[in-house]
Amino acid sequence: MNRKFSVEKDASYDNDGQPVNKKACIDSADSGGQPVRADEPPLGSRRGKLARRLSGERQMSEAMIVSAFLAFSGGFQDAYTYIVRDHVFANAQTGNIVLMSTHFLAREWGAGIRYLFPVLSFAAGVLCAEQLESHQKNAFRVHWRQAIVLLEILILACVSFIPQQFNTLANMMVSFSCAMQVQAFRKVAGNPYASTMCIGNLQKGTAALSAFLRTKQNAALRRSLYYFGVILIFAIGAGVGGNLSALFGGRIILVSAAVLGAAYLLMELEKYK
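This is a predicted model, so every value here is computed, not measured.

## Looking at the overall build of the chain
Turning to step 1, where the next piece is worked out: Within the chain one finds 10 helices and 2 strands.
Turning to step 2, where the next piece is worked out: Residues classed as buried in the chain amount to 41% of the 273 residues present.
Turning to step 3, where the next piece is worked out: Long-range contacts, defined as pairs at least 24 residues apart, comprise 69% of the intrachain contacts of the chain with a sequence gap of at least 6.
Turning to step 4, where the next piece is worked out: Working note: accessible area of the chain is about 15000 Å², and carbon and sulfur atoms make up 60% of it.

## Description of helix α4 (residues 93–105)
Turning to step 1, where the next piece is worked out: Taking 1.5 Å as the rise per residue, α4 with 13 residues should run 18 Å; its terminal C-alpha atoms sit 18 Å apart, in good agreement.
Turning to step 2, where the next piece is worked out: Listed as buried for α4 are Gln93, Asn96, Met100 and His103. The arc that holds every buried residue of α4, seen down its axis, measures 85 degrees, which confines them to one face. Exposed and facing more than 90 degrees away from the buried side of α4 are Thr94 and Leu105.

## Comments concerning helix α5 (residues 109–135)
Turning to step 1, where the next piece is worked out: Spanning 27 residues, α5 covers 38 Å between terminal C-alpha atoms, matching the ideal 39 Å at 1.5 Å per step.
Turning to step 2, where the next piece is worked out: Looking only at α5, the buried set comprises Ala111, Gly112, Tyr115, Pro118, Val119, Ser121, Phe122, Gly125, Ala129, Leu132 and Glu133.
Turning to step 3, where the next piece is worked out: Turning to α5, the residues buried within the fold contact α4, α6 (144–159) and α7 (167–184).

## Section: the packing of aromatic side chains
Turning to step 1, where the next piece is worked out: Counting across every chain of the model gives 3 aromatic pairs.
Turning to step 2, where the next piece is worked out: Measuring from centroid to centroid gives 6.4 Å for Phe72 and Phe76, while their planes differ by 35 degrees, and the two rings are tilted. Of this pair, Phe72 and Phe76 both sit in helix α3 (residues 64–84), separated by 4 residues, roughly a single helical turn. Assigned by exposure class, Phe72 and Phe76 land together as buried.
Turning to step 3, where the next piece is worked out: Aromatic side chains Tyr82 and Phe89 sit 5.0 Å apart centroid to centroid with 25 degrees between the ring planes, which places their arrangement in the stacked category.
Turning to step 4, where the next piece is worked out: Under the relative-accessibility criterion, Tyr82 is labelled partly exposed at 32%.
Turning to step 5, where the next piece is worked out: On the basis of relative accessibility, which here comes to 24%, the residue Phe89 falls in the partly exposed class.
Turning to step 6, where the next piece is worked out: Positioned above the aromatic ring of Phe212, the side-chain terminus of Lys216 is 6.0 Å from the ring centre.

## Examining the environment of Gln59
Turning to step 1, where the next piece is worked out: One can find Gln59 in the loop between α2 (43–55) and α3.
Turning to step 2, where the next piece is worked out: Note: C-alpha distance between Gln59 and Val188 (129 residues apart in sequence) is 9.8 Å.

## A look at the nonpolar core
Turning to step 1, where the next piece is worked out: Core analysis: the largest hydrophobic core is formed by 45 residues, its most contacted members being Val66, Leu70, Ile148, Val159, Phe185 and Tyr193.
Turning to step 2, where the next piece is worked out: Those elements giving two or more residues to this core turn out to be α3, α5, α6, α7, α9 (218–248) and α10 (253–268).
Turning to step 3, where the next piece is worked out: Excluding its chain neighbours within four sequence positions, the residues that come into contact with Ile148 are Ala129, Leu132, Met180 and Ala184.

## What to know about the packing of α5 against α7
Turning to step 1, where the next piece is worked out: One way to put it is that α5 packs onto α7 with a least axis distance of 7 Å and a crossing angle of 35 degrees. Our pair here, α5 against α7, has a crossing hand that is right-handed. Mapping the contact onto sequence places Arg114, Phe117, Pro118, Ser121, Phe122, Ala124, Gly125, Val126, Cys128, Ala129, Glu130 and Glu133 in α5 and Thr168, Asn171, Met172, Met173, Ser175, Phe176, Cys178, Ala179, Met180, Val182 and Gln183 in α7.
Turning to step 2, where the next piece is worked out: By residue class, the composition of the contact of α5 with α7 is 14 nonpolar, 6 polar and 3 charged.

What counts, and at which threshold
Residues numbered from 1 in each chain as written. Predicted model: local features only at pLDDT ≥ 70, side-chain atom pairs only at ≥ 80, totals over all residues. Heavy atoms only, no water. Helix = DSSP H or I, 4+ residues; strand = E, 2+ residues; numbered from the N terminus. Buried < 20%, exposed > 50% of the residue type's maximum accessible area, 1.4 Å probe, protein only. Contact = heavy atoms within 4.5 Å. Areas by Shrake-Rupley, 256 points an atom, 1.4 Å probe, with all protein chains shown as cover. Expected span 1.5 Å × (residues − 1). Arc of directions from axis to C-beta. Phe/Tyr/Trp six-rings, centres within 6.5 Å; stacked < 30°, edge-to-face > 60°. Lys NZ or Arg CZ within 6 Å of the ring centre and 35° of its normal. Core = buried A, V, L, I, M, F, W, Y, C linked by side-chain atoms within 4.5 Å. Axes fitted to C-alpha atoms, helices over the stretch in contact; angles between N-to-C directions. Left-handed = near helix turned anticlockwise from the far one by under 90°. Nonpolar A, V, L, I, M, F, W, Y, C, P; charged D, E, K, R; others polar.

Shown next, in the form of C-alpha cells:
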C-alpha cells in the first residue's frame, strides 16, 4: 500500500496515545519503513549544518578549525625532527639552508649534506602536490586535498618505524610531507597563509593589525587574528612535540599523524553541505 498520513486531516498518535508532531508521520513506502519526526532532521542534515557552521560558505579545507589541526601537526613535526632526528628542521628550510651553508663553508661536507637533502625533498613535495592538483584532482574518490592528507599520514606512520641510523631518510620524508601540506592548504577563511611555518603568517598578521589600527576596519582585525591564531597553535604543537619527542623518541610522530586524521575527518563534512 502506498498510503501517506494526511497531516491536514489525520490525527497521529504514538504507542502511548500521545499526539505526534504535525508533519511527523510518513509511512513505510516513503521513508524506508520507519516514520520520521519533523523535529529530528536526518543525520546528513545535521552534518551539513555543522559543516556550514564551521566553514561558512567556504570549503571546509579553509575553515579555521582545520587550519588549527594542520598548524598543530606542522609545529609538532618540526620539533620532532629537530629533537629526535639530528637537529634538522622538517619545515623551516631557511634554518636548514643556514646550517647547510655553515657546514659547507667549514668543509664539513657530511654535516652539510644532512641539511641539503631535506631542502631538496621539500622542493619535491611542492612539485608533487602541484602536479596532483593540476592533473589528478578528479582521479581520487575523495577530494585531492584529503588524498594528500592521507598520504601524509601514511608517510608519518612509516617514519615512526625508521631507526635512528637512517635519520636523513626520515627527515627527507617528513619534509616531503610538510611541503605537500603547504602547497595544498594555502588559505584560512579566504586569507593566504602557511600551515607549517610562521614567518609569512607573522608578516601578514602584523600588516593586517597595522591596517586595523590605521582604518579601524573589523575585517582587518579578524584577518590579523586568524594569522596570530595559527602562529599560536603552531607554537603549541611545537612545544608539545618537542617535549613528547624528548620523552618517547621516534614513534611519537604518530601523534602528528593522528592530528592529521582529525583534519581529514573534518573535511569529510564538506560532502554534506
